[in-house]
Amino acid sequence: MKNLDFLAVCSFGLEGILKNELKNLGYNIIDVKNGKVFFNGTEEDIARTNINLRTADRIYIQLKKFKALDFDDIYNKINEICWPEYIPSDGRIVVNASSKKSQLKSERSLQSVGKKAVIDAMKTKYNINSFPETGDEYNIKIDINKDEALLLFDTTGEGLNRRGYRIEAGEAPIKETLAAALVFISGWNPDFYLVDPFCGSGTIVIEAAMIANNIPPGLYREFSSKNWEFVDSKIWERAEREAKQNIKNKDLKIMGTDMNHEMIEISKRNASRAGVGRYIDFEVKNIKRFKYPSEKGFIITNPPYGERMQEQKIRNLYETMGNKFRKKPGWAQYIITSFRDFREAYGRREDKNRKLYNGNIQCYLYQYYYKRKRNR
Ligand SMILES: C[S@@+](CC[C@H](N)C(=O)[O-])C[C@H]1O[C@@H](n2cnc3c(N)ncnc32)[C@H](O)[C@@H]1O
């Protein structure tokens, strides 16, 4: 089977988590850069990675890496590729480009030169002059950073955060990939309780239940590469079979609460679409009435940020959280927010913090570890 170079992209700050996911799936990591993890694989891994990875946004095949100082470099290097190996004669070709700190700055020009290079190569190889582009879409990306170009072929289609279960959401849902990353960062052990007291549409608790029971995030969605002619369709059957074999059915102590009744109903429906409804207890509850279900556990949560609430209200809410959550030292707390004065309002210095992005919003994850009881 053909060896391929792959690139998995993720939000800034999640590279280490994604790298671990890839290692756990048995991949050889080549390099890690801002928002990018490079690894090796074969055709088989187009399906395996798309189906199994929880924190990646997208999987590309890296077709080429080259120095790009002028548009001739772009045209020639792209034109050299044997495109009919990847794209049928009716394929709809979409070329995107991004450029950072490089001589070639115009993304629009990069797109049009790139597309011309692909079409010209196809004309020669197929020996036809016009391309109707009436078939499936094929996405090519030219990514230039410091004059170094990557020529990438998208295998994913709609972003990997779109698992398919979150058809309904509230005003500020957390990205599914970030929610999964928070669960990994927390080191939650599924024998313990996990509570999200601001669960909204249920993303964090749903991702946690899927992680605990090895339910692959991409099992029931489509990928742009699923119908590719140059890939053996059996790779999808094999990857799905392998993923299904690993699913567990462990009882879990996961709770999602929110003061908004409508959000709890949405959470329940999202959880049942994700196949994890039976593992999670949802309840309408204001944080003021928060009660610990046990001596030990994990709170992982994404409280309101303040963009839609007055600053003083947010401060009061975070103060209430601080007062409630500090009562049981056996509970670890992982709180993600973009509110600048979180620490002061919460009233406690975190053990560690980490800069992360929820879409375009810069946030910090404040981490409070659980404290072991001392035996005297
Ligand atoms: C940022 S959203 C959470 C989004 C969620 N992570 C998701 O993916 O959908 C914050 C949630 O906190 C809830 N909320 C606001 N004030 C609350 C309070 N005092 N007690 C409990 N929930 C509250 C809101 O109803 C909202 O659903």
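Residues numbered from 1 in each chain as written. Predicted model: local features only at pLDDT ≥ 70, side-chain atom pairs only at ≥ 80, totals over all residues. Heavy atoms only, no water.

**Considering the overall build of the chain**
Within the chain one finds ten helices and 14 strands. Here the chain has a C-alpha radius of gyration of 23 Å; the compact-globule value for 376 residues is 21 Å, and the two agree. Structurally, the chain occupies a C-alpha span of about 80 × 45 × 45 Å along its principal axes. When burial is assessed residue by residue, the chain has 52% of its 376 residues classed as buried. Pairs at least 24 apart in sequence give 77% of the contacts found in the chain among residues at least 6 apart. Element-wise, carbon and sulfur atoms account for 44% of the exposed surface of the chain, whose accessible area totals about 18,200 Å². (Helix = DSSP H or I, 4+ residues; strand = E, 2+ residues; numbered from the N terminus. Rg over C-alpha atoms; globule rule 2.2 N^0.38 Å. Buried < 20%, exposed > 50% of the residue type's maximum accessible area, 1.4 Å probe, protein only. Contact = heavy atoms within 4.5 Å. Areas by Shrake-Rupley, 256 points an atom, 1.4 Å probe, with all protein chains shown as cover.)

**Overview of the environment of Val113**
Among the secondary structure elements, Val113 is positioned in helix H4 (residues 107-126). Distance from Val113 to Thr49, taken between C-alpha atoms, is 31 Å for residues 64 residues apart in sequence. Ignoring anything within four residues of it in the chain, the contact list for Val113 reads Phe71, Ile74 and Tyr75.

**So, the site of the ligand**
Neighbouring the ligand are 21 residues; Ser201, Thr203, Asp258, Ile287 and Asn302 lie closest to it. In the environment of the ligand, an oxygen atom lies 2.7 Å from a nitrogen or oxygen atom belonging to the side chain of Asp258. In the environment of the ligand, a nitrogen atom lies 2.9 Å from a nitrogen or oxygen atom belonging to the backbone of Ile287. Expressed as a share of its isolated accessible area of 600 Å², the protein-covered part of the ligand is 89%. Residues that form the shell around the ligand fall into these classes: twelve nonpolar, six polar and three charged. (Near = heavy atom within 4 Å. Polar contact = N/O pair within 3.5 Å; in protein donor to acceptor, adjacent residues only side chain to side chain. Nonpolar A, V, L, I, M, F, W, Y, C, P; charged D, E, K, R; others polar.)

**Things to note about the domain arrangement of the chain**
One frequently used descriptor of interface size is the decrease in accessible area upon assembly of the parts. For the chain, the assigned domains are domain 1 (3-154) and domain 2 (176-213 + 248-368). On the side of domain 2, twelve residues touch domain 1, which itself brings ten residues to the contact. Between domain 1 and domain 2, roughly 890 Å² of surface is buried when both sides are summed, and carbon and sulfur atoms account for 65% of that area. Three residues stand out in domain 1 for area buried against domain 2, namely Leu14, Ile17 and Arg54, and they jointly supply 58% of the buried area on that side. Linking domain 1 to domain 2 there are one residue pair in polar contact (both at pLDDT 80 or more). A breakdown of the residues in the side of domain 1 that touches domain 2 according to their chemical character gives four nonpolar, three polar and three charged. (Domains from an automatic or database assignment. Buried area = accessible area lost by both parts, 1.4 Å probe.)

**Some details on the nonpolar core**
In terms of nonpolar packing, the biggest core is built from 95 residues, with Ile74, Trp83, Ile87, Phe153, Val276 and Ile280 touching the most fellow members. Looking at which domains feed residues into this core, each of domain 1 (3-154) and domain 2 (176-213 + 248-368) supplies at least three. Once you skip the residues sitting within four places of it in the chain, Phe153 turns out to touch Ile59, Tyr60, Ile61, Leu63, Trp83, Tyr86, Ile87, Tyr138, Asn139, Ile140, Trp228 and Phe230. If you look at the next biggest cluster of nonpolar residues, it comprises 20 residues, including Met255, Ile299, Phe342 and Tyr366. (Core = buried A, V, L, I, M, F, W, Y, C linked by side-chain atoms within 4.5 Å.)

**Notes on helix H6 (residues 203-212)**
Here H6 lies mainly inside the structure; ten of its ten residues are buried. Of all the positions in H6, only Thr203, Ile204, Val205, Ile206, Glu207, Ala208, Ala209, Met210, Ile211 and Ala212 are classed as buried. Looking at the packing, one finds that the buried side of H6 touches helix H5 (176-186), strand E8 (193-196), strand E9 (254-258), helix H8 (261-273), strand E10 (280-284) and strand E11 (297-301). Backbone geometry just downstream of H6 places Asn214 in the positive-phi region, at approximately 55°.

**Topic: the pattern of salt bridges**
This structure, assessed with the given rule, holds 26 salt bridges. One salt bridge connects Arg58 with Asp154, and the closest N-O pair in it is separated by 2.8 Å. Linking Arg58 in strand E4 (residues 58-67) with Asp154 in strand E7 (residues 148-154), this pair joins segments that are 96 residues apart in sequence. The same class applies to Arg58 as to Asp154, namely buried. Residues Arg273 and Glu168 are paired through a salt bridge, measuring 2.9 Å at the closest nitrogen-oxygen approach. (Salt bridge = Lys/Arg side-chain N within 4 Å of Asp/Glu carboxyl O.)

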